[in-house]
Amino acid sequence: MLIEQQCRVSEGEYMEGMNFIAGAWQPAARTHPRENPANPSETVGVYPVSGKEEALSAFDAAAEGFHTWRQTPIIQRARILQQAARVLERRQAEIAHDM
């Protein structure tokens with residue numbers, strides 16, 4: 001799964017967030033580092049600070065994607081959402097740790 005692959009990091013590394021727009025990871029024009037509150041010298045992530053351009057691109061991509069999604073049969077949509085739920089459940093501890 002594309003999103004899951006992007007989010008994996010090794011111990012001691014930090015996640016560099018990007019915007020997922022139109023099925024692809026897009027770097028933001030600006031980013032913001034997030035430090036470990038217990039150790040402020042340790043960066044635990046770098047996150048996008050998205051502006052108007054990124055938001056408009058995401059809105060346009062979502063509007064285009066909606067047309068395809070609404071044509072997708074309900075059973076196929078359910079399978080896709082169930083798969084996403086399984087990924088979240090499988091990675092629950094990891095996601096909680098990262099938060």
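Residues numbered from 1 in each chain as written. Predicted model: local features only at pLDDT ≥ 70, side-chain atom pairs only at ≥ 80, totals over all residues. Heavy atoms only, no water.

### Focus: the overall build of the protein chain
Selection criterion: Numbering of helices and strands runs from the N terminus; a helix is a DSSP stretch of H or I covering at least four residues, while a strand is a stretch of E covering at least two. Here's how the labels work: a residue is buried when its accessible area is under 20% of the maximum for its type, exposed when over 50%, partly exposed in between, all with a 1.4 Å probe on protein chains only. We call two residues in contact when some of their heavy atoms are within 4.5 Å. All accessible areas in this document rest on Shrake-Rupley with a 1.4 Å probe, and a residue is counted as covered only by the protein chains that are shown.
If you tally the helices and strands in the protein chain, you get 4 helices and 5 strands. Put simply, the protein chain runs from its N terminus to its C terminus through helices and strands in the order α-β-β-β-β-β-α-α-α. Among the 99 residues that make up the protein chain, the fraction classed as buried is 12%. Long-range pairs, those at least 24 residues apart, make up 37% of the contacts in the protein chain between residues at least 6 apart in sequence. Roughly 8000 Å² of accessible area belongs to the protein chain as shown, and the carbon and sulfur atoms make up 55% of that amount.

### Describing the sheet that holds strand S1 (residues 15–16)
The following threshold applies: The pairing criterion for strands is at least two bridges between them, as found by DSSP.
The strand order across the open sheet formed by 3 strands is S1-S5-S4, and the pairing between neighbours is mixed. Where the open sheet ends on each side, the last strands, each with one partner, are S1 and strand S4 (30–36). Where S4 meets strand S5 (residues 39–49), 7 bridges bridge the pair, whose relative direction is antiparallel. Following the sheet pairing, His-32 is matched in S5 by Tyr-47.

### Details of the pattern of salt bridges
Selection rule: By definition, a salt bridge exists where a carboxyl oxygen of Asp or Glu is found within 4 Å of a side-chain nitrogen of Lys or Arg.
Enumeration according to the criterion identifies 1 salt bridge in this entry. Between Glu-94 and Arg-91 there is a salt bridge, and its shortest N-O distance comes to 3.1 Å. Look at Arg-91 and you get buried, because its relative accessible area is 10%.

### Describing a nonpolar patch on the surface
What counts here: Like-charged residues are merged into a patch within 9 Å and nonpolar side chains (Val, Leu, Ile, Met, Phe, Trp, Tyr) within 5 Å, provided each residue has over 30% relative accessible area and no salt bridge.
On the surface, Trp-69, Ile-80 and Leu-81 cluster together into a nonpolar patch covering about 280 Å² of accessible area. Looking at the element boundaries, Leu-81 is found in helix H3 (residues 74–90).

### Description of the packing of aromatic side chains
Condition: Pairing of aromatic side chains here covers Phe, Tyr and the six-membered ring of Trp, requires ring centres within 6.5 Å, and sorts the geometry by plane angle: under 30 degrees stacked, over 60 edge-to-face, intermediate tilted.
Under the definition given, this model contains 1 aromatic pair. Consider the rings of Phe-20 and Trp-25, whose centres lie 4.9 Å apart with planes at 55°: the pair is tilted.

### Quick notes on the confidence of the model for the protein chain
For any part of a model where pLDDT is low, the fine detail of the predicted coordinates should not be relied upon. Operational definition: Scored from 0 to 100, pLDDT reflects the predictor's confidence in each residue.
This prediction gives the protein chain a mean pLDDT of 86; 88% of its residues lie at or above 70. The secondary structure element of the protein chain with the lowest average pLDDT is helix H1 (residues 2–7), at 50, and the one with the highest is H3, at 96.

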